[in-house]
Amino acid sequence: VSFAEALRSLNQPASRSLTPGGGGEVDEFANENQVVVNKPSLEVRLRVQARLARIIAEEVAGYQTGVIIKGSTVSLTVGSLRDTADKWRIPPQAWKAFRAVSFRSLLFVGERDLISDGGDALLRLNVVEFHQIFSPMLAAMGDGSSMEAWLAATDVLADVELRGGARYGRGKPIFNGTFT
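Residues numbered from 1 in each chain as written. Predicted model: local features only at pLDDT ≥ 70, side-chain atom pairs only at ≥ 80, totals over all residues. Heavy atoms only, no water.

Could you give an account of the packing of helix α4 (residues 95-109) against helix α7 (residues 127-141), naming the residues involved and the relevant values?
For the pair α4 and α7, interaxial distance at closest approach is 8 Å and the crossing angle is 165 degrees. Judged by the angle between their axes, α4 and α7 are roughly antiparallel. As for the relative orientation of α4 and α7, their crossing is left-handed in sense. Residues A97, F98, V101, R104, S105 and F108 of α4 form the contact with α7, whose own contacting residues are E129, Q132, I133, F134, P136, M137 and A140. Its residues assigned to classes, the contact of α4 with α7 comprises 9 nonpolar, 2 polar and 2 charged. (Axes fitted to C-alpha atoms, helices over the stretch in contact; angles between N-to-C directions. Helix = DSSP H or I, 4+ residues; strand = E, 2+ residues; numbered from the N terminus. Parallel < 35°, antiparallel > 145°, perpendicular 65-115°, else oblique. Left-handed = near helix turned anticlockwise from the far one by under 90°. Contact = heavy atoms within 4.5 Å. Nonpolar A, V, L, I, M, F, W, Y, C, P; charged D, E, K, R; others polar.)

The structure is reproduced here in structure tokens:
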């Protein structure tokens, strides 16, 4: 099963039983300091990962400014990575995870595929491969309300800057109104 198939399955009514309130998932838990934390739903986690995949494919791939190989160490410099993180409002605590996920994506999928296929190159990975690459980013993003706030804060930018816009992975757009 590819990540894209998992994302599409959210649009099917049978898969909705795993969302909070559906009886399949706990939506809050207390951390070690007894602070109640909102656990993100499966849909929110998948949407965050899909948006990040598209950001990496469209804003990071193709913009490296240098590769240095010394012995067994490979250093990849992407001069615009910090600007990309700022543009997309990546939370400060998630900067290092964003950098690591970007590097892993470039190495695992390949820069050429990311440039030519966009985020779909990453979304074609099976769920396990995709999770191995993107799980550090989910952990660094915070709780469910933080992820939802990040998605909302970047919706307009995604509509303008990314192929497919902010509704990518959410099924066909619904038209509510008339043209004037």
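So, the environment of E111: which residues are in play, and what are the values?
Within the secondary structure, E111 is located in helix α5 (residues 111-117). Here E111 falls in the partly exposed class, since its relative accessible area comes to 22%. Ignoring anything within four residues of it in the chain, the contact list for E111 reads A61, G62, Y63, Q64 and L106. (Buried < 20%, exposed > 50% of the residue type's maximum accessible area, 1.4 Å probe, protein only.)

Which residues make up unusual backbone geometry, and what values go with them?
Backbone geometry at R89 places phi at a positive 55 degrees, although glycine is not the residue there. Checked against the element boundaries, R89 lands in the loop between α3 (81-87) and α4.

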